[in-house]
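# Understanding the architecture of this molecule
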Amino acid sequence: SYIGGLIGGGLFLYFVDMQDWQFALIILLICVLIMSLPAFMLWSNLFQNLQPQGTSRPSLKYAFSNQTVLYGILFVVISQIGTRLVLAMMIPFLVDQGLDLKKLGLLAAGGGTMTALCAVFLSGIIIRYINVKKVFLCVLLLESLSYTALYFSPQFSSAITGSIEALYILCSLLSAAKFVVLY
């Protein structure tokens, strides 16, 4: 999914600014086709080697009857709603702040996606050594502070060059870390 975000979110905007949206869509289509080839090969091999293992079958009914699983899913969904709403509005916000598509594409690909990928690895390591609840509360606090700073950033962005871009990168990092900590 991070490669998809890198290509679809970042490079697409870059190519729209460099050429036009039709060219960017063609590049996106070619990337989707090329990256789907391994999945098609796996899919065809999967059914050739499929043999029944035993009588146990996974069941959503069984999973949802487990109260711990149900609370876990509910907690993840509620926790991610706010984050996803903010992330959905981030690119339009950056456009309103004057960033052109080329800069947005590079920021989304390099700053957003690559930073998020690093955060996934780092947060995975951190939760091995620090209590997950403490890490979650820390990430939640930092995320709240970064969104508050983002709210006030248009007033100070002319005084601090690159502040909105840095906040976007920080929000991407914290969003990815929160996702790992939740799971």
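Data block above holds the structure.
Okay, so let's go over this structure. In this text, all values refer to a predicted model and were calculated from it rather than measured experimentally. (Residues numbered from 1 in each chain as written. Predicted model: local features only at pLDDT ≥ 70, side-chain atom pairs only at ≥ 80, totals over all residues. Heavy atoms only, no water.)

## Re the environment of F136
As for its position among the elements, F136 is in helix α6 (residues 132-156). Each C-alpha atom, one on F136 and one on K178, is 6.6 Å from the other, the two residues being 42 residues apart in sequence. Not counting residues up to four positions away in its chain, the partners in contact with F136 are F75, S79, K178, V181 and L182. (Helix = DSSP H or I, 4+ residues; strand = E, 2+ residues; numbered from the N terminus. Contact = heavy atoms within 4.5 Å.)

## Observations concerning the side chain of S146
With respect to the element layout, S146 can be found in helix α6. In this structure the side chain of S146 is engaged in a polar contact, spanning 2.8 Å, whose partner is the backbone oxygen of E143. Residues in contact with S146, not counting those within four places in the same chain, are L167, L170, C171 and L174. (Polar contact = N/O pair within 3.5 Å; in protein donor to acceptor, adjacent residues only side chain to side chain.)

## Looking at the nonpolar core
With 13 residues, the main nonpolar core has M90, L94 and Y168 as its most contacted residues. When residues of this core are traced back to their parent elements, those giving at least two are α4 (67-96), α5 (101-129), α6 and α7 (163-182). Here the element with the most residues in this core is α7; it accounts for four residues. Those residues within four positions of Y168 in sequence are excluded, and the remaining contacts are M90, I91, L94, L107, A108 and G112. (Core = buried A, V, L, I, M, F, W, Y, C linked by side-chain atoms within 4.5 Å. Buried < 20%, exposed > 50% of the residue type's maximum accessible area, 1.4 Å probe, protein only.)

## Examining a nonpolar patch on the surface
Taken together, the side chains of L60, F64, V69, L70, I73, V77, I81, L85 and M89 define a hydrophobic patch exposed on the protein surface, amounting to about 820 Å² of accessible area. When residues of the nonpolar patch are traced back to their parent elements, those giving at least two are α3 (60-65) and α4. Its location among the elements puts M89 in helix α4. (Patch = residues over 30% accessible without salt bridge, like charges linked within 9 Å, V, L, I, M, F, W, Y side chains within 5 Å. Areas by Shrake-Rupley, 256 points an atom, 1.4 Å probe, with all protein chains shown as cover. Salt bridge = Lys/Arg side-chain N within 4 Å of Asp/Glu carboxyl O.)

## Concerning the pattern of salt bridges
For the structure on display, the rule yields two salt bridges. Of the charged contacts, one joins E165 and K103 as a salt bridge, the two residues approaching to 3.2 Å between their closest N and O atoms. Here E165 is found in helix α7, whereas its partner K103 is found in helix α5, with 62 residues between them in sequence. Using a relative accessible area of 16% as the deciding quantity, one classes E165 as buried. Here K103 falls in the partly exposed class, since its relative accessible area comes to 44%. Residue E143 pairs with K178 through a salt bridge whose shortest N-O separation is 2.9 Å.

## Things to note about the side chain of T115
Among the structural elements, T115 can be located in helix α5. Residue classification places T115 among the buried positions, given a relative accessible area of 16%. Here T115 is in contact with G110, I169 and L173, once residues within four sequence places are set aside.

## Description of the layout of surface pockets
Remark: the empty space left among the atoms is shown by a probe the size of a water molecule rolled over them. Counted as a void, the second largest pocket has a volume near 170 Å³. S123, I126, V139, L173 and A177 are, among the 13 residues lining the second largest pocket, the residues nearest its centre. Elements with a minimum of two residues in the lining of the second largest pocket: α5, α6 and α7. With five residues, α6 is the largest single contributor of residues to the lining of the second largest pocket. (1 Å grid on protein atoms, 1.4 Å probe; cavity = no way out; pocket = protein on both sides within 12 Å on 5 of 7 lines; lining within 4 Å. Points joined across faces, edges and corners; volume = space filled by probe spheres on them.)

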